[in-house]
Amino acid sequence: MQRKLITATAILATAGFMNVASAAVPESDDPIIIVQNNWTSQLVLSNVVGNVLEGMGYTIEYTPSDTQLQFNAIAEGDLHFQVEAWEGSMKTPFENAVAEGMVDAGTHDAVTREEWWYPSYMNDICLGLPDWKALDACAEKFATAETAPKGRFVGPPADWGKHYADRIEALEMNFTAINVGQAATLWAELQAAYDRKEPVVLFNWTPNYIEAVFDGQFVDFPEPEPACFEDPAWGPNPNAVGDCGATHAGWLKKAAWSGLAEQFPAAWGVMQKINFNNEQIAAASSLVDVDGLSPEEAAVKWIEANADVVASWQQ
Ligand code: TMO
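All residue numbers here refer to positions counted from 1 along the written sequence of the relevant chain. Totals for whole chains, interfaces and linings use all residues, but because this is a predicted model, local features are given only for residues with pLDDT of at least 70 and pairs of side-chain atoms are given and counted only at 80 or more. Here the side-chain values reflect all heavy atoms present in the structure, with hydrogen atoms and water set aside.

S.K.: Could you give an account of the pairing of strand 3 (residues 81-86), with specific residues and numbers?
M.R.: Looking along a regular strand, one sees side chains alternate from face to face of the sheet. Only protein chains enter the accessibility calculation, which uses a 1.4 Å probe. A residue is then buried if its area is under 20% of the maximum for its type, exposed if over 50%, and partly exposed in between. Helix and strand definitions follow DSSP, with helices as H or I runs of at least four residues and strands as E runs of at least two, each counted in order from the N terminus. Within strand 3, 6 of the 6 residues are buried, leaving the element largely enclosed by the surrounding structure. Strand pairing is assigned whenever DSSP detects at least two bridges linking the two strands. Relative to strand 10 (residues 252-256), strand 3 runs antiparallel, the two being bridged by 4 bridges. Each bridged residue has a counterpart across the sheet, and for Phe81 the counterpart in strand 10 is Ala256.

S.K.: Account for the side chain of Glu87, naming residues and giving values.
M.R.: Its location among the elements puts Glu87 in helix 5 (residues 87-99). Salt bridges are absent for the buried Glu87, whose nearest opposite-charge side chain, Lys91, sits at 4.6 Å. Counted as a polar contact is a pair of N or O atoms within 3.5 Å, where, for protein atoms, one must be capable of donating a hydrogen and the other of accepting one, and residues adjacent in sequence contribute only when both atoms are in side chains. One polar contact links the side chain of Glu87 to the main-chain amide nitrogen of Trp251, over a distance of 2.8 Å. Any two residues having at least one pair of non-hydrogen atoms within 4.5 Å are treated as being in contact. Not counting residues up to four positions away in its chain, the partners in contact with Glu87 are Glu114, Thr247, Ala249, Gly250 and Trp251. Only four residue types enter the charge count: Lys and Arg as positive, Asp and Glu as negative, with His and the chain ends excluded. A side-chain nitrogen of Lys or Arg and a carboxyl oxygen of Asp or Glu constitute a salt bridge if their distance falls within 4 Å.

S.K.: Can you lay out the pattern of salt bridges for me, pointing to particular residues and giving the numbers?
M.R.: Under the definition given, this model contains 8 salt bridges. For Glu95, the salt bridge identified is with Lys91, shortest N-O distance 3.1 Å. Here Glu95 and its partner Lys91 are both found in helix 5, 4 residues apart, which amounts to about one turn of the helix. With relative accessibility at 35%, the residue Lys91 sits in the partly exposed group. When the shortest N-O distance is used, the salt bridge between Glu198 and Arg196 registers 3.7 Å. Assessed through its relative accessible area of 36%, Glu198 is described here as partly exposed.

S.K.: Please provide a residue-by-residue account of helix 5, values included.
M.R.: Maximum bend of helix 5: about 30°, positioned at Pro93. If you check which residues of helix 5 are buried, you get Glu87, Ser89, Met90, Pro93, Phe94 and Ala97. Tucked inside the fold, the buried residues of helix 5 contact helix 4 (70-75), strand 3, strand 4 (103-107), strand 5 (113-119) and strand 10. Phi for Gly101, located one or two positions after helix 5, is positive at around 110°. Bend is computed residue by residue as the angle between axes fitted to the seven residues ending at the residue and the seven residues starting at it.

The analysis is restricted to geometry; functional conclusions fall outside its scope.
Structure below.
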């Protein structure tokens, strides 16, 4: 199949109809290494990208990586493409890697937020929510045997680069962050509390399947500005930096190895066009977290449901 294509291409090129380089796909049989992380939409959408590139004839390898360390590996060419780099949890390592030669492969239309989040029934239990001060005044209601008298904040896996213990200290909150080992534990904690209308506040993000299944809201912390992290005088605590929340409208980017353009030009063309919106990402996670598909099965379904989107990447 591949050889035939090249032969036909070569003939047409000789006749002056086509450019050989642009038609001989794949340009290389070396694998394109797609990075996988530990949350659902990323696992599904990395498979979507891999399936599309495999359909073009490329050899794809998937390699799991740490959300903070992956960008250096991409800069060095050990990993090649990351489809979901989130501002709220990856901005610093992303920007550092760009300074080392990693390519910012473009920003998705999706607008993201990563923040403390609670089910809406808590609005009746802690008056004044979603303001963080109202949450803090209500901290004892969130206490567990492990954290009493402080409230428990169910925090994200450690490799997501969050520093909530620092934020809690900077804002002098009566909470303790208890980090989960994996995302599924966040949702299990939420479900268990939700079923009994018990207090719970946990790390969540959008786009995610959660908003379609649970009624809830993000906690409003002071909106971050660069000065929050540089100037102790900024923010509610005049003696601390980091006394603010995460951006309400974060970016979502793609990250790529700089060698892709030369070694796999047609694949690179697709990677540059890939552009997810909030709905498409939430749908990717729902296929797994609600419908129970594997990420691989979900990728096939997602591609079926978004055939026009996938076609637009290849034009
Ligand atoms: C891992 N996350 C989606 C929160 O950035």
